[in-house]
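Here is how the chains run, residue by residue.
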Amino acid sequence: MEAIFSKIDDAQTTAELEEIRILVMGKKGSLTAKFAELKTCDGESKKTLAKELNTLKMRFEKALADKKEALSLKELEAKLSAEKIDVSLFSPSNLKGANHPVMLMLDRIVEYFVGMNFALKMGPLIEDDFHNFEALNLPKYHPARDMQDTFYFKDGKLLRTHTSPVQIRTMESQKPPIRMICPGNVFRCDYDLTHTPMFHQVEGLVVESGKDSVSFAHLKFILEDFLKYMFGDVKVRFRSSFFPFTEPSAEVDMSCIFCQGKGCRVCSHTGWLEVLGCGVVDENVFRAVGYENVSGYAFGLGVERFAMLAYSVPDLRAFFESDLRILEQFK
Ligand code: PHE
């Protein structure tokens, strides 16, 4: 048996130790066999042998455990030094990161509005009913709530369906004049060729004291200027529409940048691309935040839609599949 202890001493790897353990304590191990012999003795001799064997077993297990700890440490050190990365080595592959196209587009949009003196505002992704709907003139059971399929939490909170609640939060926290944009994620229970459950919007809000200070003309100027900044020499038209939080409301189209308005597949042969929602802020919205004698305009746009148009990406899902062959083109 003493030979076994010197074998443990000499072992070079934890694998070798395991072999020794099996040799001694495994099903057919030498010590296991000795324990089996116990059955054949009785009385005092059984007692003495049992004591002897148990002492031996404990000594063996301790020797094994001690050696194992020492070897594991050595093996870990060897592994760590073998895996050490030399950061000064030349790398043959050009693994440079790049901005995601949606973020590139977001940056461009923000750049324009910041240049026009709009302040950047942020709001929570998890919203309450008041900020996402109620204060935006969308009372419970209002049919316009169906325009946006909402993800609800059990406690009645929800994932914001648009960036418009940040209008409310901004007006709650400061007095006019307000000139803000809010970029951010929004969520809708929707998934098909042109819709994903998460996408990005940029919201804009301008409010000033006085009933006639801000008009649709101001809104029209800024959005036309913005679209020309983004897409060059496009025609812009405002189409009457409906949003509960603006009155009057409009959807903004620009002439199709793929066919210059002649009509193609992208613009469904209309010559126009719908790119924005906007309007003059509804009186009920001001009432909800306790504003009086003010006027303002608001607008909202989908960043993915802008990116698809500006970068000629035909399928929205390309933005969310993380295919490097596509993303690499935006370096
Ligand atoms: N919140 C609207 C949407 O998500 C967009 C919008 C914002 C329209 C502001 C008008 C004014 O569709």
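Here the structure is a predicted model, which means the values were calculated and not measured. (Residues numbered from 1 in each chain as written. Predicted model: local features only at pLDDT ≥ 70, side-chain atom pairs only at ≥ 80, totals over all residues. Heavy atoms only, no water.)

Quick word on the nonpolar core
Soluble globular proteins tend to bury their nonpolar side chains together. Counting 45 residues, the largest nonpolar core has I109, F113, F226, L227, F299 and F306 as its most contacted members. Elements with a contribution of two residues or more to this core: α5 (101-115), β5 (198-209), α8 (216-231), β7 (246-255), β8 (272-281), β9 (294-302) and α10 (303-310). In contact with I109, other than residues within four places in its own chain, are V202, F226, M230, L301, V303 and F306. If you look at the next biggest cluster of nonpolar residues, it comprises 23 residues, including L136, L138, C182 and V207. (Core = buried A, V, L, I, M, F, W, Y, C linked by side-chain atoms within 4.5 Å. Buried < 20%, exposed > 50% of the residue type's maximum accessible area, 1.4 Å probe, protein only. Helix = DSSP H or I, 4+ residues; strand = E, 2+ residues; numbered from the N terminus. Contact = heavy atoms within 4.5 Å.)

Re the site of the ligand
Around the ligand sit 15 residues in total, of which H162, S164, R188, Q201 and E203 are the nearest. Note that an oxygen atom of the ligand is positioned 2.9 Å from one of the side-chain N or O atoms of R188. Measuring from an oxygen atom of the ligand, one finds a side-chain N or O atom of Q201 at 2.9 Å. Within the complex, the protein chains bury 91% of what would otherwise be the 320 Å² of accessible surface of the ligand. Going through the elements one at a time, β5, β8 and β9 are the ones with two or more residues in the shell around the ligand. (Near = heavy atom within 4 Å. Polar contact = N/O pair within 3.5 Å; in protein donor to acceptor, adjacent residues only side chain to side chain. Areas by Shrake-Rupley, 256 points an atom, 1.4 Å probe, with all protein chains shown as cover.)

Some remarks on the side chain of T196
Among the secondary structure elements, T196 is positioned in the loop between β4 (178-187) and β5. A polar side-chain atom of T196 sits 2.9 Å from the main-chain carbonyl oxygen of M198.

Focus: the domain arrangement of the protein
Accessible area lost upon the coming together of the parts is a frequently used measure of interface size. You can read the domains of the protein as domain 1 (1-83) and domain 2 (101-328). When each unit is reduced to the centre of its C-alpha atoms, the spacing between domain 1 and domain 2 is 72 Å. (Domains from an automatic or database assignment.)

Observations concerning the UniProt feature "binding site: Mg(2+)" (unreviewed entry) in the protein
In the numbering used here, UniProt assigns the "binding site: Mg(2+)" (unreviewed entry) feature to E247. Note that E247 resides in strand β7. By relative accessible area, E247 is classed as partly exposed at 48%. Excluding anything up to four places from it in sequence, E247 contacts V280 and D282. (UniProt positions renumbered as here; feature names shortened; annotations may be inferred.)

Structural notes on the packing of helix α2 (residues 14-25) against helix α3 (residues 30-37)
Direction vectors running N to C along α2 and α3 enclose 20°, while the axes themselves pass 3 Å from each other. The orientation of α2 relative to α3 falls into the category roughly parallel. Residue-level inspection shows L23, V24 and M25 of α2 in contact with α3, the latter providing S30, L31 and T32. Class assignment of the residues belonging to the contact of α2 with α3 gives a composition of four nonpolar, two polar and no charged. (Axes fitted to C-alpha atoms, helices over the stretch in contact; angles between N-to-C directions. Parallel < 35°, antiparallel > 145°, perpendicular 65-115°, else oblique. Nonpolar A, V, L, I, M, F, W, Y, C, P; charged D, E, K, R; others polar.)

Points about α10
Counting buried positions over the eight residues of α10 gives six, a clear majority of the element. Within α10, burial applies to V303, E304, F306, A307, M308 and L309. Where α10 is buried, its residues contact α5, β5, α8, β7, β8 and β9. Looking one or two residues past α10, S312 carries a phi angle of roughly 50°, positive in sign.

Comments concerning α2
With 12 residues, α2 should cover 16 Å at 1.5 Å per step; its first-to-last C-alpha distance of 16 Å lies within 8% of that length. Within α2 the residues assigned to the buried category are L17, I20 and V24. Viewed end-on, α2 has its buried residues packed into an arc of 60°, placing them on one side of the element. (Expected span 1.5 Å × (residues − 1). Arc of directions from axis to C-beta.)

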